[in-house]
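Coordinate inspection notes
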Amino acid sequence: MTWNIHSCIDHRGRYTPERTARVIRWLHPDIIALQEANLADDPGRDRLLRALRPELPHWLFAPTHERGCVHRPDETTGFGNLILSRWPLVSEDPLELSHGAREPRLALRARLSTPVGDLHCWVVHLGLGLIERREQGRRLTAALANLPADEPLILAGDFNEWLPRAKSLRDLHRQLIRLPPRRSFPASRPLLPLDQIWIRGPLHAHRLKAVRDPILSRISDHLPVVADLSLEGH
């Protein structure tokens with residue numbers, strides 16, 4: 001599952017991580033890639049992690065920078081991508097995707113130990129600028145070339161791209177399979193398939209959907225996108 005959670009700030013401007021967590025528990029994912037996560041500097045005090053710990057106890061966070069949250073005046077928070085998993089994971093070096101003076105970006109990278117084998121999971125939130133996204137696409141492609149093609153990999157996140165053959169994604173199409181995009185933004189009236197899941201290696205996709213429910217537009221400006229995947233032979 002991938003979801004841009006908008007820092008858990010709802011449509012009324014309130015910080016409501018428990019509502020975000022309820023949606024995630026309802027969808028019951030094994031692995032989730034979150035963008036725009038805003039976590040407390042003390043993970044033990046973070047309300048989102050606490051709410052999800054029983055079902056998704058393993059996590060990895062890569063804050064790109066501090067971003068103050070007016071709804072959390074007594075906390076220092078980091079802003080970035082987050083992976084949560086039912087299964088143990090180990091961190092791999094984040095991939096630097098920042099471009100010039102634009103907002104800092106990283107690709108969060110982990111190796112998960114699933115019951116049927118290891119799996120790479122990369123989480124991205126690409127930039128808003130066209131040239132920025134093209135450079136980020138090139139960096140991702142170069143990093144993928146360093147991994148054996150037969151190792152299963154999921155690349156998920158908010159790509160800020162909706163054109164089917166955008167130049168920013170052209171090189172990625174040569175190395176990965178993009179699951180059929182689903183309209184996920186804005187959540188109140190989905191028009192653009194910004195949130196995407198790509199796969200490589202012995203992975204098979206059975207289903208992909210952008211989850212639609214009236215409550216979701218009150219929680220984030222993006223819809224969650226959920227894929228049902230299996231490793232070949234399992």
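Structural notes, computed from the coordinates. (Residues numbered from 1 in each chain as written. Predicted model: local features only at pLDDT ≥ 70, side-chain atom pairs only at ≥ 80, totals over all residues. Heavy atoms only, no water.)

This part covers the side chain of Asn160. One can find Asn160 in the loop between strand S8 (153-158) and helix H4 (167-175). At a separation of 2.7 Å, a polar atom in the side chain of Asn160 contacts the main-chain carbonyl oxygen of Leu126. (Helix = DSSP H or I, 4+ residues; strand = E, 2+ residues; numbered from the N terminus. Polar contact = N/O pair within 3.5 Å; in protein donor to acceptor, adjacent residues only side chain to side chain.)

Here we have six strands laid out as an open sheet, ordered S5-S6-S7-S8-S10-S9, and mixed in their pairing. If you trace the sheet from one side to the other, it starts and ends with strand S5 (89-96) and strand S9 (177-178), each paired once. With six bridges connecting them, S8 and strand S10 (residues 195-200) associate as antiparallel partners. Counterpart to Ala156 in the pairing with S10 is Ile197. (Pairing = 2+ DSSP bridges.)

We now examine the environment of Thr77. Summarising the element assignment, Thr77 is placed in strand S4 (residues 77-85). Along the primary structure Thr77 and Ile154 are separated by 77 residues, whereas in three dimensions their C-alpha atoms are 27 Å apart.

With that settled, the discussion passes to the pattern of salt bridges. The final tally for this structure, using the stated rule, is 14 salt bridges. The residue Arg111 makes a salt bridge to Glu151 at a minimum N-O spacing of 3.7 Å. With Arg111 in strand S6 (residues 106-114) and Glu151 in the loop between helix H3 (130-144) and S8, the pair connects residues that are 40 residues apart, well separated along the chain. For Arg111, a relative accessible area of 25% corresponds to the partly exposed category. You can call Glu151 partly exposed: its relative accessible area is 24%. Here Asp171 makes a salt bridge to Arg174, at a shortest N to O gap of 2.3 Å. In this pair, Asp171 and Arg174 are both assigned in helix H4, three residues apart and thus about one turn of the helix distant. (Salt bridge = Lys/Arg side-chain N within 4 Å of Asp/Glu carboxyl O. Buried < 20%, exposed > 50% of the residue type's maximum accessible area, 1.4 Å probe, protein only.)

The subject of this paragraph is helix H1 (residues 17-27). Within the sequence span of H1, burial applies to Pro17, Arg19, Thr20, Ala21, Val23, Ile24 and Leu27. Summarising the contacts, the buried residues of H1 are in contact with strand S1 (2-4), strand S2 (31-40), helix H2 (47-52) and strand S12 (225-231). Downstream of H1 by one or two residues, His28 has phi in the positive range, about 55°. (Contact = heavy atoms within 4.5 Å.)

With that out of the way, let us pick up the packing of aromatic side chains. If you walk through the whole model with that rule in mind, you get one aromatic pair. A cation over an aromatic ring shows up here: Arg109 above the ring of Trp122, its NZ or CZ 4.9 Å from the ring centre. (Phe/Tyr/Trp six-rings, centres within 6.5 Å; stacked < 30°, edge-to-face > 60°. Lys NZ or Arg CZ within 6 Å of the ring centre and 35° of its normal.)

Here the focus is the state of the cysteines. What we call a disulfide is simply a covalent bond connecting the sulfur atoms of a pair of cysteines. Evaluation of the coordinates by the stated rule reveals zero disulfides. Cys121 carries a free sulfur, and the closest cysteine sulfur to it, the one in Cys8, is 18 Å from it. (Disulfide = S-S within 2.5 Å.)

Now for the packing of H3 against H4. Orientation of H3 relative to H4, taken along the N-to-C sense of each, is 15°, at an axis distance of 7 Å. Taken together, H3 and H4 sit at an angle that is classed as roughly parallel. The hand of the H3/H4 crossing is left-handed. Residue-level contacts link Arg133, Arg134, Gly137, Arg138, Leu140, Thr141 and Leu144 of H3 to Lys167, Ser168, Asp171, Leu172 and Gln175 of H4. Partitioned by chemical class, the residues of the contact of H3 with H4 number three nonpolar, four polar and five charged. (Axes fitted to C-alpha atoms, helices over the stretch in contact; angles between N-to-C directions. Parallel < 35°, antiparallel > 145°, perpendicular 65-115°, else oblique. Left-handed = near helix turned anticlockwise from the far one by under 90°. Nonpolar A, V, L, I, M, F, W, Y, C, P; charged D, E, K, R; others polar.)

The biggest cluster of nonpolar side chains holds 51 residues, and the ones touching the most others in it are Trp3, Leu34, Leu48, Leu82 and Ile197. If one sorts the elements of this core by residue count, S2 sits on top with six residues. For Leu48, the residues in contact, after removing those within four places along its chain, are Ile5, Cys8, Pro17, Thr20, Ala21, Leu34, Leu39 and Leu82. Core analysis: the second largest hydrophobic core is formed by 17 residues, Ala143, Leu144, Leu155 and Leu172 among them. (Core = buried A, V, L, I, M, F, W, Y, C linked by side-chain atoms within 4.5 Å.)

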